[in-house]
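# Close look at the chain arrangement
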Amino acid sequence: MGLLLKYLKKLSVDELKAVASLWRINDFASYIHNDTDFNRKKQEQINEIIRRMREEDRIKSVVSALSDREQHILGTFALNNWVISRSELALWDITEDELGTSPSAQQTGKQQKGLLGLLLIVKSRRYKDVGAVAYAVPEELRDGITAALSSETNAEVHCDIHIISEPHRIMDDIIVFLSHANAGIPLTPSLRKIRKRCAEKIMRELSEQSQRYLLFIRRICEMLEIVRQNTQNRKILLKTTDKAEKFMRKSREERMLEILHAFSRTYDSVKRTVLDELRKLKPDVWYDRILFERNVRSAVFRKRRKEWFYFNKSSVRKVIQHLVLLGLADIGTLTDIIDNSNEKEETASADLSFDVFRLKSAFFGFYERAKGYEKTLIVQPNFEIIAFPETSDEVMFLLTRFASLKKADRVATFVITKESVMRAVESGMSADEILSVLREHARNDIPQNIIFTIRSWCDLLGKTVLKRCIFIRTEPEIMEILKKWLNIAEVADGCGLCDEDAFHELIRTRDVFVIEVDDDATAAAVESVMKESGVNVRKHANLFLIERSDVSECVSALRRRGMLLIMERKCRCKEDKTSAADFS
């Protein structure tokens, strides 16, 4: 008996009508209230409700009407085998109140609402009527929910667009930066920042005169390894490298391709998914950014990646902004949401304020070349892997995890052996992860014998697991409280074992540097000094939290103002859902 059928049988007629109403099943029949007909009619109506609830279009309609938070919770259940114990909800930052109120709660006067009210989630026991309390998605709805969460929408826009993107002459700006770096750009010794006078001189020649854009150009040059820090006459300078001359000898298209590759090399798996989804679009067609973000989120969900839990919409904006800078895309806003010319100017000046975007035809050519440019391996049927000279250090490191280095020359040769694969599995890699590395970076298709053999070797590993646990010894009362949040196996009175990751997830700590001030006047003076020096500091009452990288700069700034610290104290403070960096 399915969870949904089992749960609906417990409901009264009025509660069944409420469920049918929430699912827009409006033709719910009335019952004949006599002993002979009632049970049969009720069972027929329950079967009809379940049949209508399982319709894919109806499930999609109900799921799309949920809030972003409710869809996030539903997806969390989907990626956790559809069941989460009550004690495990806190590990996923979910509270029971967020799940809503189930239909049976109407007996207490509460109106059903949320995921429990819609019966997208039901409350049950782990093992039939015994075991720990858990929340589960009914089996009858799981396929429909998966289809709803992984469905794509048409993001094409057919209306008037106000174009706000004016791509910077990024290639010309890089040449300007290299011309200064050729003679040496002076840096401040302690902060490694371009000195103010020199920075202003360079910015006057750039297409955008801002410190942020100058830093962006510098990072591109450092990613391409065409500039590096150098010491000359006890001065720290940014100077060009030997690669700068080779870079300048290339055609403009080749240089642009190299910049695009430098961007994509730093992308995480979500941003790479954004590129894959952009590749599915049509050139010179405007697309709604919000709808496209939903498509990317669906694509990440289909890949069953944990990044879905903390999907950040800024990843989409960042990738599109990179394409705009390279002249491969345009961004704009819908004209019907702009009231006057002043708002147009404000929208055009905003860095990430855009509603729609379109890709230029050049992007698709660039994308294909950049994608091929990244693939630097050849996997041969004899279990050898050829790594070409342009293979990155990151890929070489991944290869050493599951393959042995056979020959190290200009072209490196690795060999996959049973021992090397077993070593990788023991260190935590799975067969899917090994094959994923090969598919992502190999120029050719992975031979079938390689795929079959790696999977068979990984299956040889036994099911016995040696894991690290936390041993807890405390008072029985405290132990009972901890059991509500952790899965603890008691080994004696007041003694128990729990999973190490779960324990650290519940009780998290972090090293921070703190300046403690005794009075408000001194606190105001310290805050003023921090703002003038540009140090990233968070204030809470008379405590100032400082990142490790900013400690020396903070101390120097205070000493220049005659404020000497009695001691520099390193503290460890408890971190809850909001990290120490979120103090305001």
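What comes next is a walk through the structure. (Residues numbered from 1 in each chain as written. Predicted model: local features only at pLDDT ≥ 70, side-chain atom pairs only at ≥ 80, totals over all residues. Heavy atoms only, no water.)

### Concerning the overall build of the protein chain
The secondary structure content of the protein chain amounts to 25 helices and 21 strands. Residue pairs in contact within the protein chain that sit at least 24 positions apart in sequence constitute 64% of those at least 6 positions apart. A total accessible area of about 33400 Å² is found for the protein chain, and carbon and sulfur atoms account for 48% of it. (Helix = DSSP H or I, 4+ residues; strand = E, 2+ residues; numbered from the N terminus. Contact = heavy atoms within 4.5 Å. Areas by Shrake-Rupley, 256 points an atom, 1.4 Å probe, with all protein chains shown as cover.)

### Description of the packing of helix α10 (residues 211-223) against helix α12 (residues 252-265)
Where α10 meets α12, the axes come as close as 10 Å, and the angle between the chain directions of the two elements is 90°. By the angle between their directions, the pair α10 and α12 is classed as roughly perpendicular. Note on element contacts: α12 touches α10 through I259, A262, F263 and R265, opposite F216, I220 and M223. Of the residues in the contact of α10 with α12, the class split is six nonpolar, no polar and one charged. (Axes fitted to C-alpha atoms, helices over the stretch in contact; angles between N-to-C directions. Parallel < 35°, antiparallel > 145°, perpendicular 65-115°, else oblique. Nonpolar A, V, L, I, M, F, W, Y, C, P; charged D, E, K, R; others polar.)

### A short note on the packing of aromatic side chains
The full count for this structure, using the stated rule, is five aromatic pairs. Cluster of aromatic residues (ring-pair linked, three or more members): Y213, F216 and F263. The side chain of R289 reaches across the aromatic face of F354, ending 5.2 Å from its centre. Seen from the ring of F388, R443 lies directly overhead, with NZ or CZ sitting 4.5 Å from the centre. (Phe/Tyr/Trp six-rings, centres within 6.5 Å; stacked < 30°, edge-to-face > 60°. Lys NZ or Arg CZ within 6 Å of the ring centre and 35° of its normal.)

### Brief notes about the sheet that holds strand β6 (residues 227-232)
A sheet is described by the order of its strands in space; here three strands give the open sequence β5-β7-β6, paired in antiparallel fashion. Looking along the sheet, the strands with just one partner apiece sit at the ends: β5 (185-186) and β6. With two bridges connecting them, β5 and strand β7 (residues 235-240) associate as antiparallel partners. Each residue of the ladder has a partner; that of I185, found in β7, is L238. (Pairing = 2+ DSSP bridges.)

### Re the pairing of β6
Here β6 runs beside β7; their pairing, made up of six bridges, is antiparallel. Its bridge partner lying in β7, Q229 is registered against L238. Counted between consecutive antiparallel strands, the loop separating β6 from β7 contains two residues, among which N233 sits at a positive phi close to 50°.

### Thoughts on helix α13 (residues 269-279)
Every α-helix winds through 3.6 residues per turn, so residues three or four apart in the chain are directed the same way. Among the 11 residues in α13, eight count as buried, and that is most of the element. Regarding α13, the residues found buried are S269, V270, K271, T273, V274, L275, E277 and L278. (Buried < 20%, exposed > 50% of the residue type's maximum accessible area, 1.4 Å probe, protein only.)

### A closer look at the pattern of salt bridges
A full pass over the atoms with the stated rule returns 19 salt bridges. R86 serves as the salt-bridge partner of E96, at 3.4 Å between the closest nitrogen and oxygen. Of this pair, E96 sits in the loop between β1 (83-85) and α6 (114-117) while R86 sits in the loop between β1 and α6; the two residues are 10 residues apart in sequence, bridging distant segments of the chain. For E96, a relative accessible area of 35% gives the class partly exposed. Take R86: its relative accessible area is 36%, and that puts it in the partly exposed class. A salt bridge links R289 to E293; its shortest N-O distance comes to 2.9 Å. Of this pair, R289 and E293 both sit in helix α14 (residues 289-302), four residues apart, which is roughly one turn of that helix. Taking relative accessible area as the criterion, E293 reaches 3% and is therefore assigned buried. A single network of salt bridges, built from pairs that share partners, joins R51, R52, E55 and R58. (Salt bridge = Lys/Arg side-chain N within 4 Å of Asp/Glu carboxyl O.)

### Digging into unusual backbone geometry
At L119, a position not held by glycine, the phi torsion is positive, near 65°. Relative to the helices and strands, L119 is located in the loop between α6 and β2 (122-127). Since its relative accessible area comes to 0%, L119 is described here as buried. Its identity as a non-glycine residue notwithstanding, E225 has a phi of 60°, on the positive side. Within the secondary structure layout, E225 lies in the loop between α10 and β6. Residue classification places E225 among the partly exposed positions, given a relative accessible area of 43%.

### Quick look at the packing of helix α4 (residues 56-64) against helix α7 (residues 139-149)
It is the contact of α4 with α7, at a shortest axis distance of 9 Å, that shows an interaxial angle of 60°. When the interaxial angle is binned, α4 and α7 end up oblique. As α4 runs across α7, the sense of the crossing is right-handed. Residues E56, I59, K60 and V63 of α4 form the contact with α7, whose own contacting residues are L141, G144, I145, A147, A148 and L149. Partitioning the contact of α4 with α7 into residue classes produces seven nonpolar, one polar and two charged. (Left-handed = near helix turned anticlockwise from the far one by under 90°.)

### Details of the sheet that holds strand β17 (residues 495-499)
Taken together, three strands build an open sheet; the order of strands is β15-β17-β16 and the sheet is antiparallel. With one partner strand each, in any of the chains shown, β15 (469-473) and β16 (489-492) form the two edges of the open sheet. When the angles between neighbouring strand axes are averaged without regard to direction, this sheet yields 30°. Here β16 runs beside β17; their pairing, made up of three bridges, is antiparallel.

### Quick word on the environment of L8
For L8, the position within the fold is in helix α1 (residues 3-9). On the accessibility criterion, L8 (0% relative accessible area) is buried. Distance from L8 to V19, taken between C-alpha atoms, is 9.2 Å for residues 11 residues apart in sequence. Apart from the residues lying within four places of it in its own chain, the contact partners of L8 are L16, I46, I49, I50 and L119.

### Quick word on the nonpolar core
Counting 59 residues, the largest nonpolar core has I174, F177, L278 and F357 as the members making the most contacts within it. Ranked by residue count, the leading element in this core is helix α8 (residues 170-183), at seven residues. Among the nonpolar cores identified, the runner-up in size contains 43 residues, and V63, L116, L119 and V137 belong to it. (Core = buried A, V, L, I, M, F, W, Y, C linked by side-chain atoms within 4.5 Å.)

In short, shape yes, function no, at least from these values alone.
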